[in-house]
Amino acid sequence: MKYHLLFPISLIAILLLSCRGGESEEMAETIRPVRFGKVLKIGGAETHTFSGAAQSSKSADLSFRVAGTITSLKVKLGDPVKTGQIIAEMDATDYNIQYEQAVANRKSAETQIKSAETNLITTKSTYERVEKLYENNSVPLSEYEQAKSAFEGAKSQYDAALAQVAASDKQVEASRNQVAYTSLRAPFSGVITQLNVEENELVNSGTPVAVLVAVGTPEVSVGLPEIFINKVVKGQSVKINFSVLPQTLFDGVVSEIAFSSPNASTYPVIVEIKDPSDQIRPGMAANVTFSFDNPANTASSLIVPIKAVGEDDQGNFVFQLEKSGESTFKVIKKPVDIGQLLNQGFEVKAGLQEGDLVATAGLQSLLDGMEVRLFEE
């Protein structure tokens, strides 16, 4: 009976050990990898961040070059358009009448020039004949002067007819342009961002009808105080961060620097965005960080990667990674006091030390005390 009792007990023990071994293997397999960054110390340069807004590098207020009543709007807000596409049309009745009248005047001028040309040929022939006779003393001076006067008068009429035809040609061209101007066309490809009129509305020439902006070439307009404007140069590299894209830091370059200030407090500076995102739209708020050399500045700052900083109802925090095993690290959620946004990341005022490792991805899925391993790229 003893042998019969020992066999089940041994079997149960083996099964328990097998289960624990499986659990250990499963736990080992569930240790997830995380991307990480290091807290660094920098110094020797001044960095300053200024607020700005995204805008298109190319935009236009579209308006008719003639006055009239809008008969149709061919686009809606947000519609993409191509170069030459019709945006709106106005009633062209009066301009068509003017064009037809100009064409009629042109035909009348052509008739007059033909008559003047015939008269010029006739009087010229008479004048040349009388001139020869006068040289041979075959006709009196009065007859010669009469023929000469008639020829000169005919020539003046012909010149006037030529001028009338030229004026009629210009009038026809001008009236044809007036008809063409009743169709408002896109000067370049882009997107309609604003419509200011409705159908059947009477507008004057120059009245803004729509706003067209180009796509794919966003830039940032930022205002710099007078104490910094002389430190900025064209081609200077900057860093750009958008509030709607907090985890992405864009590279930029200064393309335009205003010489004068429109509001006597800041000077406009235009910054081109390298490799912009399709999510950037005109009007989005942006922070632009400039770095200015300052050899006299020997102070250093602790910098934490931008993607490592999270925020909750308690404030800013990071997930610090502390060594816990041969190849594992323990996640520790630590509150941090951050300062301004610099080129390399956020300035750390308190909470971290130089060389600390912090998680830089998947902050939403990390938990305090979790075991992880470093993701080596």
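Thresholds, definitions, all that
Residues numbered from 1 in each chain as written. Predicted model: local features only at pLDDT ≥ 70, side-chain atom pairs only at ≥ 80, totals over all residues. Heavy atoms only, no water. Salt bridge = Lys/Arg side-chain N within 4 Å of Asp/Glu carboxyl O. Helix = DSSP H or I, 4+ residues; strand = E, 2+ residues; numbered from the N terminus. Pairing = 2+ DSSP bridges. Buried < 20%, exposed > 50% of the residue type's maximum accessible area, 1.4 Å probe, protein only. Contact = heavy atoms within 4.5 Å. Expected span 1.5 Å × (residues − 1). Axes fitted to C-alpha atoms, helices over the stretch in contact; angles between N-to-C directions. Parallel < 35°, antiparallel > 145°, perpendicular 65-115°, else oblique. Left-handed = near helix turned anticlockwise from the far one by under 90°. Nonpolar A, V, L, I, M, F, W, Y, C, P; charged D, E, K, R; others polar. Phe/Tyr/Trp six-rings, centres within 6.5 Å; stacked < 30°, edge-to-face > 60°. Lys NZ or Arg CZ within 6 Å of the ring centre and 35° of its normal.

With the rule as written, the count across this model stands at six salt bridges. Its salt-bridge partner being Asp169, residue Arg106 comes within 2.1 Å of it at the nearest N-O pair. Of this pair, Arg106 sits in helix H2 (residues 93-135) while Asp169 sits in helix H3 (residues 141-180), and the two are 63 residues apart along the sequence. Among the ionic pairs, Asp312 bridges to Lys333, the shortest N-O distance being 2.9 Å. Residue Asp312 is located in strand S19 (residues 310-312), and its partner Lys333 is located in strand S21 (residues 329-335); the two are separated by 21 residues in the primary sequence. Through salt bridges with shared partners, one network takes in Arg106, Glu110 and Asp169.

Note that strand S14 (residues 237-242) and strand S15 (residues 245-257) share six bridges and pair antiparallel. Bridging from a neighbouring strand, Phe242 pairs with Leu245 of S15. The turn linking S14 back onto S15 is made up of two residues. The pairing of S15 with strand S16 (residues 266-273) spans five bridges and is antiparallel.

The subject of this paragraph is the environment of Ile270. Of note, Ile270 is situated in strand S16. Here Ile270 falls in the buried class, since its relative accessible area comes to 10%. In sequence terms Ile270 and Val222 are 48 residues apart; their C-alpha atoms lie 6.5 Å from each other. In this structure Ile270 touches Gln55, Glu219, Val220, Ser221, Val253, Val254, Ser255 and Glu256, once residues within four positions along its chain are discounted.

For H2, built from 43 residues, the straight-helix expectation of 63 Å at 1.5 Å per residue is met to within 8% by its first-to-last C-alpha distance of 62 Å. Those residues of H2 not exposed but buried are Tyr95, Ala102, Arg106, Ala109, Ile113, Ala116, Leu120, Thr123, Tyr127 and Val130. Buried-residue contacts for H2 involve H3.

A word on the side chain of Thr328. With respect to the element layout, Thr328 can be found in the loop between strand S20 (315-323) and S21. Non-local contacts of Thr328, meaning those with residues more than four positions away in its chain, are made with Ile31, Lys323, Glu371 and Val372.

So, on to the sheet that holds strand S6 (residues 68-73). Overall, antiparallel pairing links the four strands, which are arranged S9-S8-S6-S11 in an open sheet. Two strands bound the open sheet, and with one partner strand each, they are strand S9 (183-185) and strand S11 (202-203). Bridge analysis of S6 against S11 gives two bridges, and the strand direction is antiparallel. Each residue of the ladder has a partner; that of Thr69, found in S11, is Leu202.

Our focus in this paragraph is the sheet that holds strand S7 (residues 80-81). Taken in spatial order, the four strands line up as S5-S12-S10-S7 in an open sheet, and their pairing is antiparallel. Two strands lie at the open edges of the sheet, namely strand S5 (59-63) and S7, each paired on one side alone.

The next thing to look at is the packing of H2 against H3. The interhelical angle for the contact between H2 and H3, taken along N-to-C directions, is 160°, at an axis separation of 7 Å. With respect to their mutual orientation, H2 and H3 come out roughly antiparallel. Considering only the axes of H2 and H3, their crossing is left-handed. When grouped by side-chain class, the residues that make up the contact of H2 with H3 number 23 nonpolar, 12 polar and 10 charged.

With that settled, the discussion passes to unusual backbone geometry. Even without a glycine there, the phi angle at Asn137 is positive, about 60°. Here Asn137 shows up in the loop between H2 and H3. Unusually for a residue other than glycine, Asn200 sits at a positive phi of about 70°.

Quick look at the environment of Thr71 now. Topologically, Thr71 is positioned in strand S6. Thr71 sits in the partly exposed class, given a relative accessible area of 40%. The spatial distance from the C-alpha of Thr71 to the C-alpha of Glu198 is 9.0 Å, given a sequence separation of 127 residues. Aside from chain neighbours lying at most four places away, what touches Thr71 is Glu89, Met90, Asp91 and Glu199.

With that out of the way, let us pick up the packing of aromatic side chains. One pass over the structure, following the stated rule, counts nine aromatic pairs. With a centroid separation of 5.4 Å and an interplanar angle of 0°, the aromatic rings of Tyr127 and Phe151 are classed as stacked. Here the residue Tyr127 occupies a position in helix H2, and Phe151 occupies one in helix H3, the gap between them amounting to 24 residues. Given the relative accessible area of 13%, Tyr127 is considered buried. Centroid distance Phe317 to Phe319: 5.5 Å. Interplanar angle 75°. Geometry classified as edge-to-face. Exposure remark for Phe319: the relative accessible area of 4% places this residue in the buried category. Site record: aromatic cluster; members linked through ring pairs are Phe50, Phe228, Phe290 and Phe292. In this structure, Lys333 packs its charged tip against the face of Phe317, placed 4.5 Å from the ring centre.

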